[in-house]
Structures are given as structure tokens and as C-alpha cells.
Amino acid sequence: MKYFVANWKAHKNLAETEEWFQIFKEKLSQNTKIIDALQQNKLQIVICPPHSLLSRVHELVTALSLPNIAVGAQDVSSYDEGSYTGEDAAKNLEGLVKYVIIGHSERRRLRGETEEEIEKKIKRIQARGIEPLLCIRGTEDKIVEGVKFIVYEPVHAIGTGENEKPEEVLKMRESLHLAPDIKFFYGGSVNGEDIASYLGSDRIDGFFIGGASLDPASFVDIMKV
Ligand code: PGA
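(A) Broad picture of the nonpolar core. Counting residues in each nonpolar core, the largest one holds 59 residues, and the members touching the most others are F21, F24, I47 and I69. Per element, the largest residue contribution to this core is five residues, and it comes from helix α3 (residues 54–64). Every residue in contact with F24, bar those within four places of it in the chain, is listed here: I45, I47, L64, I69, P216, F219, V220 and M223. If you look at the next biggest cluster of nonpolar residues, it comprises 13 residues, including V5, V46, C135 and F149.

Shown next as C-alpha cells:
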């Protein structure tokens, strides 16, 4: 199973989301390889829109009527449900998402997210049966116990077009000493051209795609399964 996670970050409004799905649906219907891979459990797609669009994206994904396409959130509150204006607690995401991105380097950098908060967030969503996709920048970031998905995103490779070479990515996997059942993803400037070099390795289980996921055609083009 290969995972392809579209991380839209703070892009798109409602109209652009509708348009994205219209084209996505069209592109998928022309691509029997992807449809087969989805149906044979060889491919998992996760679409992570901004929180404001989660509900609509959940409807649009459901309307595709295809297996192995899930919705993910890009963050969750470290608070439980309650009087926390403006927060999205794990409970608020229930029924909408299967995954939540936790600890993305943009949040660690821009929001000063700490390891303590990250651990709290992981616990909150796990308690509701939602899987964390824990992003790490390298060996300096903590791998929280019980997390099944680790996403290696070297900061220099995010949004720069300077993707990290597969050999380096694999070296990182080795240095992390992950248990064999943990899935290891790579993210950082993945596009339709460089994807082939990563797909050769069964030690890389999936990919985070930021910039290239904003256009449904280029997102579909990356899934060379
Ligand atoms: P990028 O972003 O593909 O635009 O480099 C990846 C990410 O930050 O998840």
C-alpha cells in the first residue's frame, strides 16, 4: 500500500474546492491504474484541506464512491471539547476525518508548537480512533510512542523544489530505528517527475504533497502506481 497525502495548507476557498474535485473526479475516471490500485488496497489517498472546508470535502470524497480515499485535517487542538473559542478539538473532527497531520514544521516554526503540545494532540485524536500523521524534521524531533505514521519532511525541501534524494531519505529512515510496523513517509517538493525515484523503494510507504496537490491534474500525475 502506498499513501499519497495532499496537504493543501491554507490554500483554496469553497469554489476552488468544488472545481478541484470536479477535475479530480474526471482525471481519476480516465486512469484505470489508479482506480484498480484503490480497489485492490494498493493505494490510499488522503486529502487534507483547511479546517473550514473539511465538511464539504468529506461530502465530496463520499460522493466519489471509491475505496481508500480519506479525509485528513491539518491540525487539532490540544484541548478537549469545551469552552475554547476558535479551537477544533478532536471531537469536532469525529466523523469527518480518518487522519490528522500533527507537528508539521510550519506549525512548529510559526506557532511555536512544542513536543508537549504535539503529544497532547496525538493522545486526543487517538482516543477518538483518528490516526496521527506525525511530521518530523529529522532526528531532533521526538517520535511519540504509539504513532503508526512518521512523515519525514526536511525543512530545506518544503516548497523549495529542492527535494531530498531518495538515498538520503532512506538513510534517515535507518537512523530513526523505527519498528517494522511503522509506516514511513517522505514530504518535500514531491512532483510528477521526481516521484519515480522514490517509488522504487518499498522502504518509503507514502508521500506528503503540498504545492503539487493544489492542481488535481498534477496530484493525479504523481500517483504513478
Ligand atoms: P511541498 O510541501 O510539497 O510543497 O514541498 C510538502 C509539505 O509541507 O507537506
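On we go.
(B) Summary view of α3. All buried positions along α3 are accounted for by L54, V57, L60, V61 and L64. Relative to the axis of α3, the buried residues are bounded by an arc of 125 degrees and lie together on one face. Positive phi appears at S65, one or two residues downstream of α3, with a value of about 50 degrees.

(C) Examining the site of the ligand more closely. The ligand sits among 13 residues. The nearest are K9, H104, E153, G159 and S189. At 2.7 Å from an oxygen atom of the ligand is found a side-chain nitrogen or oxygen belonging to K9. At 2.8 Å from an oxygen atom of the ligand is found a main-chain nitrogen or oxygen belonging to G210. Surface burial for the ligand is 96%, taken as the share of its 280 Å² of free accessible area covered by protein chains. Per-class residue counts for the shell around the ligand are four nonpolar, seven polar and two charged.

(D) Representation of the packing of helix α1 (residues 14–29) against α3. For the pair α1 and α3, the least separation of the axes is 11 Å and the interaxial angle reads 15 degrees. By the angle between their axes, α1 is roughly parallel relative to α3. Classified by chirality, the crossing of α3 by α1 is right-handed. Of α3, the residues touching α1 (which contributes L14, T17, E18, F21, F24 and K25) are R56, V57, L60, V61 and L64. Class assignment of the residues belonging to the contact of α1 with α3 gives a composition of seven nonpolar, one polar and three charged.

(E) Expanded view of the packing of aromatic side chains. This model, assessed by the stated rule, comprises 18 aromatic pairs. Each member of the aromatic cluster is reached from another via a ring pair, and the members are F4, Y152, F184, Y186, Y198 and F207.

Conventions used here
- Residues numbered from 1 in each chain as written.
- Predicted model: local features only at pLDDT ≥ 70, side-chain atom pairs only at ≥ 80, totals over all residues.
- Heavy atoms only, no water.
- Core = buried A, V, L, I, M, F, W, Y, C linked by side-chain atoms within 4.5 Å.
- Buried < 20%, exposed > 50% of the residue type's maximum accessible area, 1.4 Å probe, protein only.
- Helix = DSSP H or I, 4+ residues; strand = E, 2+ residues; numbered from the N terminus.
- Contact = heavy atoms within 4.5 Å.
- Arc of directions from axis to C-beta.
- Near = heavy atom within 4 Å.
- Polar contact = N/O pair within 3.5 Å; in protein donor to acceptor, adjacent residues only side chain to side chain.
- Areas by Shrake-Rupley, 256 points an atom, 1.4 Å probe, with all protein chains shown as cover.
- Nonpolar A, V, L, I, M, F, W, Y, C, P; charged D, E, K, R; others polar.
- Axes fitted to C-alpha atoms, helices over the stretch in contact; angles between N-to-C directions.
- Parallel < 35°, antiparallel > 145°, perpendicular 65-115°, else oblique.
- Left-handed = near helix turned anticlockwise from the far one by under 90°.
- Phe/Tyr/Trp six-rings, centres within 6.5 Å; stacked < 30°, edge-to-face > 60°.

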